[in-house]
Amino acid sequence: MTTETASAVTLPGGEMLAWSDRTDSAGDGPLAALAARLVPAGARVLLAGPHGPALLDALAHARLTCLLRGYPDAAVLADRVDRVLVAGPHGLPAGEEYDVVIAGAGLDAVESVEGERLGWDGLLARLVAAVRPGGDLLLRLDNPLGVHRLVAAESWHAGRSDAEWTVGGVLDAARPANLEQARERLAAAGMRAGSCYAAYPRPDLTTALLAVDELARHTSSGLFDAVLHTAGTDGYTGRFVLADPARLAADALHAGRAADLAPSWLILARRPAAAPTDPDRQSTDHEPAGTDDAARPQPGVDRSENPPPGSGQTSPLPVALVAMTGGAVVEVRDGPQGWHWHRPEGGATPYAGREVAHREPDGPDEPVPDGRLLRSLLLDGCLRRDTALLRGLLRGYADWLDGQAEQGQLVGAVALAGADNLVVDGDRWAVLDRSRRADAPSPVDVVLARTLWRFAADLLTGGYAHPWTSTLDVAGLTVVLGGVAGRDFDRAVVEAAMQPETAAAVAPTDPPPGPRSYQQLREAWLRQREENTRLTALLKWTENLLTTRERALRRAEAKINLLSGSLSYKVGRLAITPARMARRGARAAKRRARAAISAKQGGQQ
């Protein structure tokens, strides 16, 4: 341990010397982007609990203090922040206040086992006491009835790992079990809850933050549908689950329950500002006495929208969505003209290494089109066997591609937009996220066939019911969908349209990519059993046919052998032999006569 590390790390007592809370930091991007909008330059920020490096980078403009319970984590962060306190909540100095307190990992990761246990309410009260009047608290709360619990293959109450010395759930009345209870606990602690975000796909991995109010108002939003589906698929890839979390999250959205079933929530609350004449207000060691709220840095994005001091209201963040897409963070901001994409500068470009496409993270803000996701509409039509709806959607899509083409070629975002990145609003079609663009033009039929192939693969591997025969493979179903769209495709066109990453053969009996859902694996097993039953019946029919024809051949051979040994057969052969010899002699005489005639005619000439 260096001198610099020793001076930056404080051990007031209650530290866990061998414990580490560090986890995968792949989901820190959305929280970091949101915190960067909340924290102004120069603000004093307390990070309570473990947080990833993305959050530290996003708050480089602030003065950071970290409250941890594990010393190994403190040693890693010592050179990146102003101060590290290694202790439980008891390690916070009395009377020390901060402009913003962030508990992005929840309160359970703050409490140390080396000391008196405060419980959820006690932890909240201690963090609230560290928020200055007019300051903000950003708190994450796990949902005991979230999607992650509904699809978990293992029961939540059977945890035996070292990190699960306490198991949270609805049976624990000491902690809130839903958003309303959380707001009540915050109000009882002296905080006013403001903006709230539903965090997907898992409590330990947040790649999408969706505003709860917007989720309730836009239950058919194609944007939310696409984000929830992507988060649920990518967040559970390779994991065994009971059901498909992406499908469950999308269904919860359309039912208006996406916020209620979120794996966790992120709540922004503000401590009411103290009146200037409040005798109980005390100055702290980091702020000279007499400093009023106007001189403090005011958290928030637009300071002109902040409520007046003393109102106790929290200015909502004008962000409807923060999500990770392809390794880069994108935001959807709410404005007078509706939602707009915002891609922070310096974002990653995960498609830069591909020849087929590139991503533009630093492009200008673009409006987010309204409408429902094409993939959801097509699935709805297939499940209800509504061929008229499917015909209208697919032909409308094909006509829209024709209208976007120049000399039969498609370029830019349209050339790569599939059913999961297109929204439909009546007769209007639009690409949802235009940041991914093709480098080379593609024919209209190739783009259409590629989209239909991907949708056909989703239909078959996902086990979705559809109005066509069940014996079709992916390429065959793509040809059928092309016919519904009014295009005459053959398998050669379909195979030519498949991109390299989708060129692998996909059988109808394969399980879908992503999470290993027991329901979908069971559907795949049923499809394999049906296919095996069909092949067994075909094999049995073939064997019966071969057996029948072999018996008929044996009967014919026996009859021939019987006839060849009889007296009539021998007499017949004696009668036929002279006739055969006479016929052969006649043929030879005829050939000699023809040769003589030809020779004579040649001599006369």
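In every chain, residue numbers begin from 1 and rise along the written sequence. Per-residue local features of the predicted model are confined to residues with pLDDT of at least 70, and side-chain atom pairs are confined, for both listing and counting, to 80 or more; whole-chain, interface and lining totals are unaffected and use all residues. To get the side-chain values, all heavy atoms of the structure are used, and hydrogens and water are removed first.

A helix here means a DSSP run of H or I that spans at least four residues, while a strand means a run of E at least two residues long, and both kinds are numbered starting from the N terminus. For the protein, the helix and strand inventory stands at 17 helices and 20 strands. When accessible area is computed with a 1.4 Å probe and restricted to protein chains, residues below 20% of their type maximum are described as buried, those above 50% as exposed, and intermediate ones as partly exposed. Classification of the 605 residues of the protein by burial places 46% in the buried group. In what follows, residue pairs with any heavy atoms lying within 4.5 Å of each other are defined as contacts. Once local pairs closer than 6 in sequence are excluded, the contacts in the protein between residues at least 24 apart make up 69%.

Glancing now at a positive patch on the surface. Residues with no salt bridge and a relative accessible area higher than 30% make up the patches, which join like charges within 9 Å and nonpolar side chains (Val, Leu, Ile, Met, Phe, Trp, Tyr) within 5 Å. Surface accessibility follows the Shrake-Rupley procedure with a 1.4 Å probe radius. Residue values consider only the protein chains on display as shielding. When a carboxyl oxygen of Asp or Glu lies within 4 Å of a side-chain nitrogen of Lys or Arg, that pair is called a salt bridge. By the counting rule applied here, Lys and Arg register as positive and Asp and Glu as negative, while His and the ends of each chain are not counted. Charge positions come from single atoms, namely NZ of Lys, CZ of Arg, CG of Asp or CD of Glu. Residues Arg573, Arg580, Arg583, Arg584, Arg587, Arg591 and Arg592 make up a contiguous surface patch of positive charge. Along the chain, Arg580 falls in helix H17 (residues 567-604).

Strand pairing in a sheet is mediated by backbone hydrogen bonds. Such pairs are either parallel or antiparallel. At least two bridges found by DSSP between two strands is the condition for calling them paired. Here 3 strands make up an open sheet; going across it, the order is S15-S17-S18 and the pairing antiparallel. Across the chains shown, the open sheet's two edge strands, defined by having one partner strand only, are strand S15 (372-373) and strand S18 (428-431). With 2 bridges connecting them, S15 and strand S17 (residues 422-425) associate as antiparallel partners. Looking at S17, one finds that Leu373 is bridged to Val423.

Moving on: the packing of aromatic side chains. Stacked, edge-to-face and tilted labels apply to pairs of Phe, Tyr and Trp rings (six-membered ring for Trp) whose centres lie within 6.5 Å, assigned for plane angles under 30 degrees, over 60, and everything in between, in that order. Going through the model one piece at a time under the given rule, you end up with 3 aromatic pairs. Between Trp400 and Trp429, the aromatic rings sit 6.4 Å apart at their centres with planes inclined by 25°, giving stacked as the arrangement. Pair noted here: Trp400 is in helix H12 (residues 387-404) and Trp429 is in strand S18, with a separation of 29 residues, a long-range link. What makes Trp400 buried here is its relative accessible area of 13%. Three or more aromatic residues link up through ring pairs in this structure, and these residues are Tyr397, Trp400 and Trp429.

Glancing now at the packing of helix H11 (residues 374-383) against helix H13 (residues 444-461). When two helices pack together, their arrangement is captured by the angle between the axes and the distance separating the axes. Where H11 meets H13, the axes come as close as 12 Å, and the angle between the chain directions of the two elements is 50°. Our classification of the angle between H11 and H13 gives oblique. Classified by chirality, the crossing of H13 by H11 is right-handed. Here Arg375, Leu378, Leu379 and Cys382 of H11 come into contact with H13, specifically with Phe455, Asp458 and Leu459. Three classes are used, and their members are as follows: Ala, Val, Leu, Ile, Met, Phe, Trp, Tyr, Cys and Pro are nonpolar, Asp, Glu, Lys and Arg are charged, and the others, Gly among them, are polar. Each residue belonging to the contact of H11 with H13 can be placed in one class, and the counts come to 5 nonpolar, no polar and 2 charged. The axes used here are C-alpha line fits, helices contributing only the stretch in contact, and every angle between their N-to-C directions lies in the interval 0 to 180 degrees. For classification purposes, angles smaller than 35 degrees are called roughly parallel, those larger than 145 roughly antiparallel, those between 65 and 115 roughly perpendicular, and all remaining angles oblique. Each crossing gets its hand from how the near helix is turned against the far one by less than a right angle, where anticlockwise is left-handed and clockwise is right-handed.

Looking now at a nonpolar patch on the surface. On the surface, Leu535, Leu538, Trp541 and Leu545 cluster together into a nonpolar patch covering about 380 Å² of accessible area. With a relative accessible area of 30%, Leu545 lands in the partly exposed category.

Attention now moves to the pattern of salt bridges. For the coordinates displayed, the defined rule picks out 21 salt bridges. For the salt bridge of Asp142 with Arg140, the shortest nitrogen-to-oxygen distance reads 2.3 Å. Residues participating in the shared-partner salt-bridge network are Arg44, Arg83 and Glu96.

Another point: the side chain of Arg185. If you trace the backbone, Arg185 turns up in helix H7 (residues 179-188). Only 3.0 Å separates the side chain of Arg185 from the backbone oxygen of Ala174, close enough to count as a polar contact. Beyond its immediate stretch of four places on either side in the chain, Arg185 contacts Trp120, Asp121, Leu124, Ala173, Ala174, Arg175 and Pro176. In protein, a polar contact requires one atom able to donate a hydrogen and another able to accept it; more generally it is a pair of N or O atoms within 3.5 Å, and residues adjacent in sequence count only if both atoms are side-chain atoms.

So, about the environment of Ala74. On the secondary structure map, Ala74 appears in helix H4 (residues 71-77). In this structure, the C-alpha to C-alpha distance between Ala74 and Thr10, residues 64 residues apart in sequence, is 9.1 Å. If sequence neighbours within four positions are ignored, Ala74 has contacts with Val9, Leu68, Val84 and Val86.

Another aspect to go through is helix H9 (residues 222-235). Here a helix's expected span is defined as the number of its residues, less one, multiplied by 1.5 Å. Under the 1.5 Å per step criterion, the end-to-end length of H9 is 20 Å for 14 residues, consistent within 8% with the ideal 20 Å. With 12 of its 14 residues buried, H9 lies for the most part within the structure. All of the buried residues in H9 are Gly222, Leu223, Phe224, Asp225, Ala226, Val227, Leu228, His229, Ala231, Gly232, Thr233 and Gly235. Residue Ser221 occupies the N-cap position of H9, its side-chain oxygen lying 3.2 Å from the main-chain nitrogen of Leu223.

Our focus in this paragraph is the confidence of the model for the protein. Note on scores: pLDDT gives the predictor's confidence for each residue, bounded by 0 and 100. Put simply, the protein has an average pLDDT of 79, and 80% of its residues get 70 or more. Predicted confidence in the protein is weakest over strand S14 (residues 357-359), with a mean pLDDT of 42, and strongest over strand S10 (residues 264-270), with 94. Taken together, the stretch residues 1-6 has pLDDT below 50 and engages in 4 contacts with residues farther than four places along the chain or on a different chain. The low-confidence segment residues 346-364, where pLDDT is below 50, has 45 contacts with residues more than four positions distant or belonging to other chains.

Of all 10 residues in H11, 8 are buried; the element is thus mostly enclosed. Buried within H11 are the following residues: Leu374, Arg375, Ser376, Leu377, Leu378, Leu379, Gly381 and Cys382. Arg385, located one to two residues past H11, shows a positive phi value of around 55°.

Helix H14 (residues 474-484) packs onto H12 with a crossing angle of 85° between their chain directions and a minimal axis gap of 8 Å. On the basis of their axis angle, the class for H12 and H14 is roughly perpendicular. Counted together, Leu390, Arg391, Leu394 and Arg395 of H12 and Leu481, Gly483 and Val484 of H14 form the full contact between these two elements. Per-class residue counts for the contact of H12 with H14 are 4 nonpolar, 1 polar and 2 charged.

Attention now goes to the pairing of strand S5 (residues 98-103). Of all 6 residues in S5, 6 are buried; the element is thus mostly enclosed. Alignment of strand S2 (residues 44-48) against S5, held across 3 bridges, turns out to be parallel. Across the sheet, residue Leu46 finds its bridge partner in S5, namely Val101. Bridging between S5 and strand S6 (residues 131-142) involves 5 bridges; their strand directions are parallel.

All right, on to unusual backbone geometry then. Cis rather than trans, the peptide bond between Tyr200 and Pro201 has omega equal to 10°. The phi dihedral of Gln407 is positive, around 55°, even though this residue is not glycine. On the secondary structure map, Gln407 appears in the loop between H12 and strand S16 (409-412). On the accessibility criterion, Gln407 (84% relative accessible area) is exposed.

For our purposes a nonpolar core is just a set of buried Ala, Val, Leu, Ile, Met, Phe, Trp, Tyr and Cys residues, chained together by side-chain atoms within 4.5 Å. In terms of nonpolar packing, the biggest core is built from 63 residues, with Leu137, Tyr200, Leu210 and Leu223 touching the most fellow members. By residue number, the principal contributor to this core is H9, which donates 6 residues. Excluding anything up to four places from it in sequence, Leu210 contacts Cys196, Tyr197, Ala198, Tyr200, Leu215, Phe224, Val227, Leu228, Ala320 and Leu321. Grouped together as the second largest cluster of nonpolar side chains are 50 residues, Leu377, Leu379, Ala456 and Leu477 included.

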